[in-house]
There are 2 protein chains.
Amino acid sequence: MRRETYNEFRRLCQKHSLAATHQRQKIYEALVSRPGHYSPEEIYEQVKQDLPSISLATVYKNLKTFVHAGMLCEVSPHHGSWRIDANHHPHHHLVCTRCRSITDLDFDSLGPVKLRGKLPSGFRLEKFTIEVRGVCKACTAAETKQH
Amino acid sequence: MRRETYNEFRRLCQKHSLAATHQRQKIYEALVSRPGHYSPEEIYEQVKQDLPSISLATVYKNLKTFVHAGMLCEVSPHHGSWRIDANHHPHHHLVCTRCRSITDLDFDSLGPVKLRGKLPSGFRLEKFTIEVRGVCKACTAAETKQH
DNA sequence: AATCCTTTAATAACTATTATCATCTGATAA
DNA sequence: TTATCAGATGATAATAGTTATTAAAGGATT
Ligand SMILES: [Mn+2]
Ligand SMILES: [Mn+2]
Ligand SMILES: [Zn+2]
Ligand SMILES: [Zn+2]
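Presented here is an overview of the structure given in this document.

Reading the values: rules and limits
For every chain, the first residue of the written sequence is number 1, and numbering continues from 1 onward in sequence order. Chain A is the first chain written and ligand 1 is the first ligand written, with later ones labelled in order. Only residues with pLDDT of at least 70 get local features here, since the model is predicted, and only at 80 or more are side-chain atom pairs given and counted; chain-wide, interface and lining totals rely on the full set of residues. Heavy atoms from the whole structure form the basis of all side-chain values; hydrogens and water molecules are not counted. Counted as coordinating are nitrogen, oxygen and sulfur atoms within 2.8 Å of the metal, or 3.2 Å for Na, K and Ca, while water is not included, which may make sites look incomplete. Here's how the labels work: a residue is buried when its accessible area is under 20% of the maximum for its type, exposed when over 50%, partly exposed in between, all with a 1.4 Å probe on protein chains only. A fitted line through C-alpha atoms represents every axis, and for helices the fit uses only the stretch in contact; the resulting angles, taken between N-to-C directions, go from 0 to 180 degrees. Numbering of helices and strands runs from the N terminus, with a helix taken as a DSSP run of H or I at least four residues long and a strand as a DSSP run of E at least two residues long. Under this scheme an angle from 65 to 115 degrees is roughly perpendicular, one under 35 degrees roughly parallel, and one over 145 degrees roughly antiparallel; angles in between are oblique. Each crossing is labelled by how the near helix is turned from the far one, with a counterclockwise turn of less than a right angle marking it left-handed and a clockwise turn marking it right-handed. Only heavy atoms matter for contacts: two residues are in contact if any of them lie within 4.5 Å across the pair. Under the convention adopted here, Pro, Cys and the residues Ala, Val, Leu, Ile, Met, Phe, Trp and Tyr are nonpolar, Asp, Glu, Lys and Arg are charged, and Gly plus all remaining residues are polar. An expected span of 1.5 Å times one less than the residue number is assigned to each helix. Taking the helix axis as origin, the arc is that swept by the directions to the C-beta atoms. The nearness test applies per residue and asks whether one of its heavy atoms lies within 4 Å of the molecule or strand. N or O atoms closer than or at 3.5 Å make up a polar contact, with two conditions inside protein: a donor-capable atom paired with an acceptor-capable one, and, for residues adjacent in sequence, both atoms drawn from side chains. Every angle between 85 and 135 degrees makes a four-donor site tetrahedral, while opposite donors more than 155 degrees apart, with all other angles between 65 and 115, make a four-donor site square planar and a six-donor site octahedral; other sites are irregular.

Moving on to the coordination of the manganese ion (ligand 1). The textbook angles at a metal center are 109.5 degrees for a tetrahedron of four donors and 90 or 180 degrees for an octahedron of six. Taken together, the protein ligands of the manganese ion (ligand 1) are D85(A) (OD), H91(A) (NE2), H93(A) (NE2), D104(A) (OD) and H37(B) (NE2), with distances of 2.1 to 2.3 Å. The class of H93(A) is buried, set by a relative accessible area of 7%.

Below is the structure:
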């Protein structure tokens, strides 16, 4: 692991009161040291090369911990449940990052997305999907109440 | 089921060479007759009120069939696998609807999204996520080869 | 080095989804 | 209308993905 990455890792662990374990170090490195959008399984396979006895559950737990701490992001808030949309009109989605609720957002609520550069060659565009992530009214209310 | 919805359903089934079964009719209706972004389980519970002996597997199979035919859409192309992103720079994603691969797309490749109207009251915005759905180079090549 | 609290590995449990297969049914043509 | 049959269904087994449990081990602090 690069010295710079290692220092950043220690700093982040301290900031979030997390013990800087070997496992966490390797998991973090597996994600940060190469571009990509990996699944827990892929991270597990990668880390196992250095720490053969690591458990898949440890990978899951720490990925959750890191995401919760804001050190990493989820690609999609919808993994884990298949959701179907019958609305054929062009529209966007409001997604609550707490309760995962999905609400339609009128097409005209946002200005159009404009292509500036070129897409990578060979990619055949089908459509733009815009998700607005945030915290819904109900979840905001619930959080406020607790404090 | 409204006459109009029923006719549309028959038309779509004919167009896609699908038998217009009771089960399909009720599944279609459960989605089209009320706004929402339902899971297979939720559709199952709804349809079961009319067809108590319907199987959950039938719901899954037909939702897939309908999505494949373009009669319904998936809310997210990422269901089923949790993917982690370590890239903290603002950026977008290219997602292949065939192989589900995810590629970063530079922030400047798209113009900024502008808020026009108001978001629904109480929704606390965190960030915009733009996914560009399409077919990647490899999948396009693979499809071309087959014909 | 001793202590304490956190983290880990192993694995059981659980949830979501898909596969299998015998039976049944909608569509078509006689 | 009835016969036919490819395609659809229901029951359930199997698989994939994720989370919970718990005894043992390891960082952090002193
Ligand atoms: Mn929608
Ligand atoms: Mn990315
Ligand atoms: Zn919410
Ligand atoms: Zn592809």
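Turning our eyes to something else, we now look at the packing of helix α3 (residues 40-48) of chain A against helix α4 (residues 56-69) of chain A. Residue and element names in this part refer to chain A. Two numbers describe how α3 lies on α4: the axes approach to 9 Å, and their chain directions differ by 120°. When the axis of α3 is compared with that of α4, the two are oblique. With respect to the hand of their crossing, α3 and α4 are arranged in right-handed fashion. Within the contact between the two elements, α3 uses P40, E41, I43 and Y44 and α4 uses L56, V59, Y60 and L63. Taken together, the residues that form the contact of α3 with α4 break down as seven nonpolar, no polar and one charged.

Okay, helix α1 (residues 3-15) of chain A next. All names here are of chain A. Helix length check: α1, at 13 residues, gives a terminal C-alpha distance of 18 Å against a target of 18 Å (1.5 Å per residue), a fit within 8%. Buried within α1 we find T5, F9, L12 and C13. Down the axis of α1, the buried side of the element spans an arc of 100°, and every buried residue falls inside it. Away from the buried face of α1 by more than 90 degrees, exposed residues R3, E4, Q14 and K15 are located. Elements that come into contact with the buried residues of α1 comprise α2 (22-32) and α4. In the stretch just after α1, S17 is the one whose phi turns positive, near 55°.

Our next topic: the protein's contact with DNA strand C. Residues in contact with DNA strand C amount to 23 residues; listed here are only the nearest, T21(A), Q23(A), R24(A), T58(A) and Y60(B). Backbone atoms, meaning sugar and phosphate, form 80% of the atoms of DNA strand C found within 4 Å of the protein. Within the backbone of S55(A), an N or O atom sits 3.2 Å from a phosphate oxygen of DNA strand C. Measuring from a base nitrogen of DNA strand C, one finds a side-chain N or O atom of K61(A) at 3.4 Å. When contributions to the surface near DNA strand C are tallied by element, the ones reaching two or more residues are α2 and α4 of chain A together with α4 (56-69) of chain B. Ranked by residues supplied to the surface near DNA strand C, first place goes to α4(A) with four residues.

In this section: the coordination of the zinc ion (ligand 3). All names here are of chain A. Coordination sphere of the zinc ion (ligand 3), protein contribution only: C96 (SG), C99 (SG), C136 (SG) and C139 (SG), at 2.3 to 2.4 Å. Classification of the site at the zinc ion (ligand 3) as tetrahedral follows from its four donor atoms and the range of 106 to 116° in their angles at the metal. Between consecutive donors of the zinc ion (ligand 3), the numbers of intervening residues give the motif C-x2-C-x36-C-x2-C. Residue C99 is found in the loop between β4 (91-96) and β5 (102-106), and its partner C136 is found in the loop between β6 (124-135) and α5 (137-146); the two are separated by 37 residues along the sequence. For C99, a relative accessible area of 41% corresponds to the partly exposed category. C136 gets classed as buried once you look at its relative accessible area, which sits at 12%.

Let's shift gears to the protein's contact with DNA strand D. Around DNA strand D there are 24 residues in total, and Y60(A), T21(B), Q23(B), R24(B) and T58(B) lie nearest to it. Within the side chain of T21(B), an N or O atom sits 2.6 Å from a phosphate oxygen of DNA strand D. Note that a phosphate oxygen of DNA strand D is positioned 3.2 Å from one of the backbone N or O atoms of S55(B). Secondary-structure elements contributing two or more residues to the surface near DNA strand D are α4 of chain A together with α2 (22-32) and α4 of chain B.

Moving on, we get to unusual backbone geometry. Negative phi characterises most residues that are not glycine, and trans characterises most peptide bonds. Despite not being glycine, S17(A) has its phi angle at roughly 55°, a positive value. Turning to its location among the elements, S17(A) is positioned in the loop between α1 and α2. The class for S17(A) is exposed, based on a relative accessible area of 67%. A positive phi angle, close to 65°, is found at R100(B), a residue other than glycine.

What is shown is where atoms sit, not what they do.
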